[in-house]
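Examination of the molecular architecture
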Amino acid sequence: GMALPQRILFPLEEICMDWQQRQRPGAGLCNLGSTCYINVILQCLTYTPPLANYLLSRDHSQLCHQQGFCMMCIMEAHVRKVLRSSANVIWPRAVVRDLKFIGEEFEPDMAGDAYEFLRCALEAMQRACLSGSSDMDISSQTTTIIHQIFGGFLKYRVTCLRCQAVSDSYKAFLHVLLDIKAPSSLTTALEDFVTPKKLDGKYCLKCSKCEKKVTSSKRVTVYRVPKVFTVCLERAADHTGKKISKIVEYPEYLDLRPYMSDTAGEPLLCSLYAIVVHSGDTCLEGHFFCYTKASNGLWYKMDDESVDNCGIHAVLRQQAYLLFYAR
């Protein structure tokens, strides 16, 4: 049901999921005012093995002809600086300097949201990968290095409850936002995500067979699992900034098979390698820090300038906001 890409921009088989060299963790990041939300995302992306491997190879900058701002070139320079220099602390000046090109809503001296920054950073990297390819078909656009790492596809199945007619549609995604108002664990939040929802009243859709608006059922499943599965646990209770502060349990190893369109087959195991935590009473204030797994296989708490060794038990006890799992 999905159109095949006319061009493959980055071959899937060229993505290396394992670190190509093992070392101690790199530098901490200076907080340039209110930039903890930027620092945590930069650290989580730096310790995403397939992305770091690609950026350290310098393949992008050697072929880049983009004039001015290029998020891929900025990330390449940043990751090389963090992982290759002997400095204990790095100033992420280039990212903060070009903040308005990453997302119009960000200001260097104003607090921001880590999920929003992740979303905008991935989109800015995607735009950089598509530079000069504006006329490309949609399917081909999902074959960039960014989509080949972070991108998957969701399947939307709508079933008419009157005549049982079924229609399927597909949508590419780079991250998934999960409602945690009721669930107490990541797995129950994912179960809720794939549970069919009834569409009636003002949400009725037109059935092509019945030729009128009818009550229907809509089910979302993961059609294609990404190499890196990124989840945001929605902690904003409402638009006032009120925060859902409960602990939502999440495993070190996650099987995504039960949430797929095709649940038959081998388990699809992913391993946790980074989390972002928000501390604060409301979503509009507070502080972000993160935990990442370095190339040496050990976990570290990264809180702006400080990088401290920690165990997996500390990692799994957090009030997580963002979770990064790698296949």
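Residues numbered from 1 in each chain as written. Predicted model: local features only at pLDDT ≥ 70, side-chain atom pairs only at ≥ 80, totals over all residues. Heavy atoms only, no water.

An unreviewed UniProt entry lists the protein chain under the name UBP42 hydrolase, with Illadopsis cleaveri given as the organism.

**Regarding the packing of helix 4 (residues 71-84) against helix 7 (residues 114-129)**
Two elements in contact, helix 4 and helix 7, have axes separated by 7 Å at closest approach and are oriented at 115°. Between helix 4 and helix 7, the angle is such that the two are roughly perpendicular. Contacts from M71, M72 and M75 of helix 4 reach helix 7 at A121, A124, M125, A128 and C129. Looking at side-chain class alone, the contact of helix 4 with helix 7 contains eight nonpolar, no polar and no charged residues. (Axes fitted to C-alpha atoms, helices over the stretch in contact; angles between N-to-C directions. Helix = DSSP H or I, 4+ residues; strand = E, 2+ residues; numbered from the N terminus. Parallel < 35°, antiparallel > 145°, perpendicular 65-115°, else oblique. Contact = heavy atoms within 4.5 Å. Nonpolar A, V, L, I, M, F, W, Y, C, P; charged D, E, K, R; others polar.)

**Here's the deal with the nonpolar core**
Ranked by size, the top nonpolar core spans 64 residues in total, and within it F117, V276 and L322 carry the most contacts. A total of ten residues in this core trace back to one element, the largest contributor, which is helix 7. If we ignore the near neighbours within four places in the chain, the residues touching V276 are V40, I41, C44, A114, F288, F289, C290, A320, Y321, L322 and F324. Formed by 36 residues, the second largest nonpolar core is a distinct cluster that contains L268, I275, W299 and C310. (Core = buried A, V, L, I, M, F, W, Y, C linked by side-chain atoms within 4.5 Å. Buried < 20%, exposed > 50% of the residue type's maximum accessible area, 1.4 Å probe, protein only.)

**Focus: the packing of helix 1 (residues 36-46) against helix 7**
Two elements in contact, helix 1 and helix 7, have axes separated by 9 Å at closest approach and are oriented at 55°. Classified by the angle between their axes, helix 1 and helix 7 sit oblique to one another. Like other packed secondary-structure pairs, helix 1 and helix 7 cross with a definite hand, here right-handed. Two secondary-structure elements touch here, helix 1 through Y37, I38, V40, I41 and L45 and helix 7 through A114, F117, L118, L122 and M125. By residue class, the composition of the contact of helix 1 with helix 7 is ten nonpolar, no polar and no charged. (Left-handed = near helix turned anticlockwise from the far one by under 90°.)

**A short note on the environment of M260**
You can see M260 is positioned in the loop between strand 11 (253-255) and strand 12 (269-279). When its relative accessible area of 8% is taken as the criterion, M260 is described as buried. Note: C-alpha distance between M260 and V222 (38 residues apart in sequence) is 4.4 Å. Leaving out residues up to four positions away in the same chain, M260 has contacts with T221, V222, Y223, V225 and L268.

**A look at helix 2 (residues 49-56)**
Across the eight residues of helix 2, eight count as buried, placing the element largely inside the fold. Residues P49, P50, L51, A52, N53, Y54, L55 and L56 constitute the buried set of helix 2. Tucked into the core, helix 2 has its buried residues touching helix 1, helix 3 (59-63), helix 4, helix 9 (145-150), strand 10 (228-234) and strand 12.

**Overview of the pattern of salt bridges**
Under the counting rule described, the total for this entry stands at five salt bridges. With a closest N to O distance of 3.0 Å, R97 and D98 form a salt bridge. Residue R97 is classed as exposed on the basis of its relative accessible area, which comes to 55%. When its relative accessible area of 10% is taken as the criterion, D98 is described as buried. Two residues, R157 and D168, come together in a salt bridge whose shortest N-O distance is 2.7 Å. Taken together, the residues R157 in strand 3 (residues 152-160) and D168 in strand 4 (residues 166-173) connect sequence positions eleven residues apart. The exposure class assigned to R157 is partly exposed, which follows from its relative accessible area of 36%. Taken together, the shared-partner salt bridges in this structure form one network comprising E116, R119 and E123. (Salt bridge = Lys/Arg side-chain N within 4 Å of Asp/Glu carboxyl O.)

**Observations concerning the sheet that holds strand 3**
Strand order in the open sheet made by the four strands is 4-3-9-6, with antiparallel pairing throughout. Each having just a single partner strand, strand 4 and strand 6 (197-199) make up the two edges of the open sheet. Direction aside, the axes of adjacent strands within the sheet are offset by 30° on average. Sheet analysis places strand 3 next to strand 4, joined by eight bridges and oriented antiparallel. Bridge assignment links K155 to a residue of strand 4, and that residue is Y170. Packing against the sheet, helix 10 (residues 186-194) makes contact with strand 3, strand 6 and strand 9 (216-224), and its axis sits at approximately 125° to strand 9. (Pairing = 2+ DSSP bridges.)

**Thoughts on helix 7**
Compared with an ideal rise of 1.5 Å per residue, which puts 16 residues at 22 Å, helix 7 spans 22 Å between its outermost C-alpha atoms and is within 8% of the ideal. Taken as a whole, helix 7 has its buried residues at A114, Y115, F117, L118, C120, A121, L122, A124, M125, Q126 and A128. Residue D113 occupies the N-cap position of helix 7, its side-chain oxygen lying 3.2 Å from the main-chain nitrogen of Y115. (Expected span 1.5 Å × (residues − 1). Polar contact = N/O pair within 3.5 Å; in protein donor to acceptor, adjacent residues only side chain to side chain.)

**What to know about unusual backbone geometry**
One non-glycine residue, R58, lies in positive phi territory at about 65°. In this fold, R58 is placed in the loop between helix 2 and helix 3. For R58, a relative accessible area of 40% translates into the label partly exposed.

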